[in-house]
Amino acid sequence: MTEATGGGRVSAQRFRGLCAGPGDSLRRFAYLICGDRHLGEDLVQEVLVKAYRRWSRIDAGQPDRYIRTALVRSHVSWLRRRSNSERPGTVPDEPAADDFAEGQALRDELWTRLGGLTRTQRAVMVLRYYEDLDDRQIGDVLRCSPSTVRVHAARALARLRADLVTATIEEVRP
């Protein structure tokens, strides 16, 4: 990973620091974008490999912002699909309790509803509510205008609201 020049060693060390420092936050961010821990880890790995190849040009700017932008863009344009549709089940880290089970059920319902959104809508929701970015910053990440970001956000929220109304009506029916 080191290059022949002394500056290359410093650059390689900064890249290692980027990977080691916010590595957990990058994996969490990718998980929120993908909705799957393993796909998120694959996405982070793929983006970091690509970023290392371009590191000499990225290093001078804001590398963390660049990596997060690359994660979103790679996820939105990811054409590769898994060869089968099976997904591993999640195993809770803590023993089951009434409150824990209720929390898991709520979390599962949320992921199901987020799974119904398009990739771009989900990316907008995560960037807005998890990363706390404004419309202009989200537009920079997704390469679109702030008004397009607002359209995606409005459609995503409308879809989520419609899903909640439908679920409420189904619960009320005998």
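What counts, and at which threshold
Residues numbered from 1 in each chain as written. Predicted model: local features only at pLDDT ≥ 70, side-chain atom pairs only at ≥ 80, totals over all residues. Heavy atoms only, no water. Helix = DSSP H or I, 4+ residues; strand = E, 2+ residues; numbered from the N terminus. Buried < 20%, exposed > 50% of the residue type's maximum accessible area, 1.4 Å probe, protein only. Contact = heavy atoms within 4.5 Å. Areas by Shrake-Rupley, 256 points an atom, 1.4 Å probe, with all protein chains shown as cover. Salt bridge = Lys/Arg side-chain N within 4 Å of Asp/Glu carboxyl O. Phe/Tyr/Trp six-rings, centres within 6.5 Å; stacked < 30°, edge-to-face > 60°. Lys NZ or Arg CZ within 6 Å of the ring centre and 35° of its normal. Expected span 1.5 Å × (residues − 1). Arc of directions from axis to C-beta. Polar contact = N/O pair within 3.5 Å; in protein donor to acceptor, adjacent residues only side chain to side chain.

1. Observations concerning the overall build of the protein
For step 1, the next point in the chain: Of the regular secondary structure elements, the protein holds nine helices and zero strands.
For step 2, the next point in the chain: Helices and strands appear in the protein in the N-to-C order α-α-α-α-α-α-α-α-α.
For step 3, the next point in the chain: Counting over 174 residues, the protein shows a buried share of 33%.
For step 4, the next point in the chain: Taking contacts inside the protein between residues at least 6 apart in sequence as the whole, the part at least 24 apart equals 67%.
For step 5, the next point in the chain: Carbon and sulfur atoms provide 51% of the accessible area of the protein, an area that totals close to 11,600 Å².

2. Observations regarding the pattern of salt bridges
For step 1, the next point in the chain: Going through the model one piece at a time under the given rule, you end up with seven salt bridges.
For step 2, the next point in the chain: A salt bridge links E46 to K50, with the shortest nitrogen-to-oxygen separation between them at 3.5 Å. A residue pair is termed a helical-turn pair when its members lie 3 or 4 positions apart in one helix, as E46 and K50 do in helix α3 (residues 37-53) at four residues.
For step 3, the next point in the chain: Look at K50 and you get partly exposed, because its relative accessible area is 35%.
For step 4, the next point in the chain: Note that E109 is salt-bridged to R113, the shortest N-O span being 2.8 Å. Taken together, the positions of E109 and R113, both in helix α6 (residues 98-115) and four residues apart, correspond to about one turn of that helix.

3. Points about the side chain of D135
For step 1, the next point in the chain: Positionally, D135 belongs in helix α8 (residues 135-142).
For step 2, the next point in the chain: The residues touching D135, leaving out its near neighbours within four places in the chain, are R128, P146, V149 and R150.

4. Re the packing of aromatic side chains
Ring pairs (aromatic) are described by centroid distance and by the angle formed between their planes.
For step 1, the next point in the chain: Under the counting rule described, the total for this entry stands at one aromatic pair.
For step 2, the next point in the chain: Taking 5.2 Å as the distance between ring centres and 65° as the angle between the ring planes, the aromatic pair formed by Y31 and W111 counts as edge-to-face. Of this pair, Y31 sits in helix α2 (residues 23-34) while W111 is found in helix α6, placing the two residues 80 residues apart along the sequence.
For step 3, the next point in the chain: The partly exposed category is assigned to Y31, whose relative accessible area is 29%.
For step 4, the next point in the chain: When its relative accessible area of 18% is taken as the criterion, W111 is described as buried.
For step 5, the next point in the chain: Cation over ring: R68 sits above F29, and NZ or CZ is 5.2 Å from the ring centre.

5. Looking at unusual backbone geometry
For step 1, the next point in the chain: Not every positive phi belongs to a glycine, and D132 is a case in point at roughly 60°.
For step 2, the next point in the chain: One can find D132 in the loop between α7 (119-129) and α8.
For step 3, the next point in the chain: A positive phi is found at R143, a non-glycine position, where the angle reads about 60°.
For step 4, the next point in the chain: As for its position among the elements, R143 is in the loop between α8 and α9 (146-172).

6. Some thoughts on α3
For step 1, the next point in the chain: The terminal C-alpha atoms of α3 lie 25 Å apart, and with 17 residues this matches the ideal 24 Å at 1.5 Å per residue to within 8%.
For step 2, the next point in the chain: Along α3, the residues classified as buried are L39, G40, L43, V44, V47, L48 and A51. Down the axis of α3, the smallest arc covering the buried residues is 170°, so these residues share one side. Seen from the buried face of α3, the exposed residues on the opposite side, beyond 90 degrees, are Q45 and R53.
For step 3, the next point in the chain: Between the side-chain oxygen of the N-cap and the backbone nitrogen of H38 there are 3.0 Å, and the N-cap of α3 in question is D36.

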